[in-house]
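# Structure assessment
In case you want the letters, here they are:
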Amino acid sequence: MAKRVVDKNILKLLKRWLKAPIVEEEGGKMTYRGNDKGTPQGGVISPLLANIYLNTLDVAMRAVRLVRYADDLVVLCRYNVHKTFDRMTEVLKSLKLTFNPDKTRILNATEGRFTFLGFTTQIRMNPRSGKTFPLIVPSKKATTHIRKEVKDATSRKNLALPREVVMMKLNETVRGWTGYFYYGNCSKAFAQLKNYLEERVRGYLRRKHHLKGRGYTKYPNAYLYKNLGLYKIPTTAPWTQAKACGRR
């Protein structure tokens, strides 16, 4: 940064970020220890600083397809895989960085799958055309997380809250998750989440109003969306809609 920025106040602020102490909680007690490893884990400025610092890597690896967000990255190459990996190792070493051994691996995407930024990707073959395509879906961890969020929002502990408050929080959570993962081959995951969301809301209403049965008659889907204003999760992937528009 100092090569391009001369404002001493900005540089002073950046140095304070880089030296921010590490905070840990053990047994309800907060402890602080010095930091000599650089950007703080989870710090709001960490992605920006990582992007600046790793620009050297981006430039050095222009010959291959590198997809990177902060310090998470995927390299796509058809040939010279190990040579490419060795080259990246050298560049990172020059920056005094190393790969995380627990998260780093080399795989053939036609035989295995990998998860990156919440999406799981694998090369599949279309049985109709015989052509291969990247199957990109929300990861199992991501879908498990949103289902837990929905379950917590509609749990018994929230029965005393006004219905409008619960629905607002639920809609914010689901809309945000859907907006991020509305990509690739998300139709199946979205359809499953939509069904789960409807069942959880219906169960929440039954418990809140002490009703027996499954609640389909009292609270059909039309009631959930029109009367409660429940966010309606799309069940078709964006590429299918684009294809349909192209046919018109």
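Above this text you will find the structure in question.
Once a new chain begins, its residue numbering starts again from 1 and follows that chain's sequence as written. With pLDDT at 70 or above as the cut-off, local features in this predicted model cover only qualifying residues; side-chain atom pairs require 80 or more to be listed or tallied, and sums for whole chains, interfaces and linings still use all residues. To get the side-chain values, take all heavy atoms of the structure and skip hydrogens and water.

### Quick notes on the packing of aromatic side chains
The geometry of an aromatic ring pair comes down to the distance between the two centres and the angle between the two planes. When the centres of two rings from Phe, Tyr and Trp lie within 6.5 Å, Trp using its six-membered ring, the rings pair. Their planes under 30 degrees apart give stacked, over 60 give edge-to-face, and anything left gives tilted. Counted under the stated rule, the structure contains nine aromatic pairs. Residues Trp177 and Phe190 carry aromatic rings whose centres are separated by 5.7 Å and whose planes lie at 45 degrees to one another, so their mutual orientation is tilted. Of this pair, Trp177 sits in helix α6 (residues 163-181) while Phe190 sits in helix α7 (residues 187-208); the two residues are 13 residues apart in sequence, bridging distant segments of the chain. Classification of Trp177 by relative accessible area gives buried; the value is 9%. You can call Phe190 buried: its relative accessible area is 0%. Taken together, a centroid distance of 4.7 Å and an interplanar angle of 80 degrees make the contact between Tyr180 and Phe181 edge-to-face. When accessible area is computed with a 1.4 Å probe and restricted to protein chains, residues below 20% of their type maximum are described as buried, those above 50% as exposed, and intermediate ones as partly exposed. Tyr180 gets classed as partly exposed once you look at its relative accessible area, which sits at 45%. You can call Phe181 buried: its relative accessible area is 6%. Every member of this aromatic cluster is reached through a ring pair, and the members are Phe119, Trp177, Tyr180, Phe181, Tyr182, Tyr183 and Phe190. Under the scheme used here, helices are H or I runs from DSSP no shorter than 4 residues and strands are E runs no shorter than 2 residues, and both carry numbers assigned from the N terminus.

### Here's the deal with the nonpolar core
Residues enter a nonpolar core if they are buried and are Ala, Val, Leu, Ile, Met, Phe, Trp, Tyr or Cys, with the set joined through side-chain atoms within 4.5 Å. Leu170, Leu197, Val201 and Leu230 are the most contacted members of the largest nonpolar core, which has 28 residues in total. Of all elements in the fold, only α5 (140-153), α6, α7 and α8 (221-226) reach the threshold of two or more residues within this core. The greatest single-element share of this core, amounting to seven residues, is contributed by α7. Core analysis: the next-biggest nonpolar cluster, separate from the first, contains eight residues, Leu57, Met88, Val91 and Leu95 among them.

### Observations concerning the sheet that holds strand β7 (residues 132-138)
Spatial strand order, β5-β6-β7: three strands in an open sheet with antiparallel pairing. Each having just a single partner strand, β5 (114-116) and β7 make up the two edges of the open sheet. In this sheet, neighbouring strand axes are inclined to one another by 35 degrees on average, regardless of whether the strands run parallel or antiparallel. For two strands to be treated as a pair, DSSP must find at least two bridges joining them. When β5 meets strand β6 (residues 119-125), the two strands line up antiparallel, connected through three bridges. Across the sheet, residue Phe114 finds its bridge partner in β6, namely Thr121. Note on geometry: axes are C-alpha line fits, over the in-contact stretch for helices, and angles between N-to-C directions span 0 to 180 degrees.

### Brief notes about the pattern of salt bridges
Any Lys or Arg side-chain nitrogen located within 4 Å of an Asp or Glu carboxyl oxygen qualifies as a salt bridge. Tallied over the entire structure, the rule returns six salt bridges. With a shortest N-O distance of 3.9 Å, Glu90 and Arg87 are connected by a salt bridge. Of the two residues, Glu90 and Arg87 are both situated in helix α4 (residues 81-94); the distance of three residues between them amounts to about one turn of the helix. Its relative accessible area of 39% is what places Arg87 among the partly exposed residues. Where salt bridges share partners, they join Glu199, Arg202 and Arg214 into one cluster.

### As for the side chain of Ser155
Relative to the helices and strands, Ser155 is located in the loop between α5 and α6. Any N or O atom pair separated by 3.5 Å or less is treated as a polar contact, with the protein-specific requirement of one donor-capable and one acceptor-capable atom, and with residues adjacent in sequence counted only for side-chain atom pairs. Here the side chain of Ser155 touches Asp152 through a polar contact of 2.9 Å, landing on its backbone oxygen.

### Notes on α5
Compared with the 20 Å implied by 1.5 Å per residue over 14 residues, the 20 Å span of α5 between its first and last C-alpha is a close match. Within α5, the full set of buried residues consists of Ala142, Thr143, Ile146, Val150 and Ala153. Projected down its long axis, α5 shows its buried positions confined to an angular sector of 95 degrees, all on one face. Within α5, the exposed residues directed more than 90 degrees away from the buried face are Lys140 and Lys141. By definition, residues are in contact when any of their heavy atoms lie within 4.5 Å. Contacts from the buried residues of α5 go to β7, α6 and α7. Multiplying 1.5 Å by the helix residue count minus one yields the expected span of that helix. In this description, one arc is meant: the one made by directions from the helix axis to the C-beta atoms.

Read these as layout, nothing more, since geometry by itself doesn't imply function.
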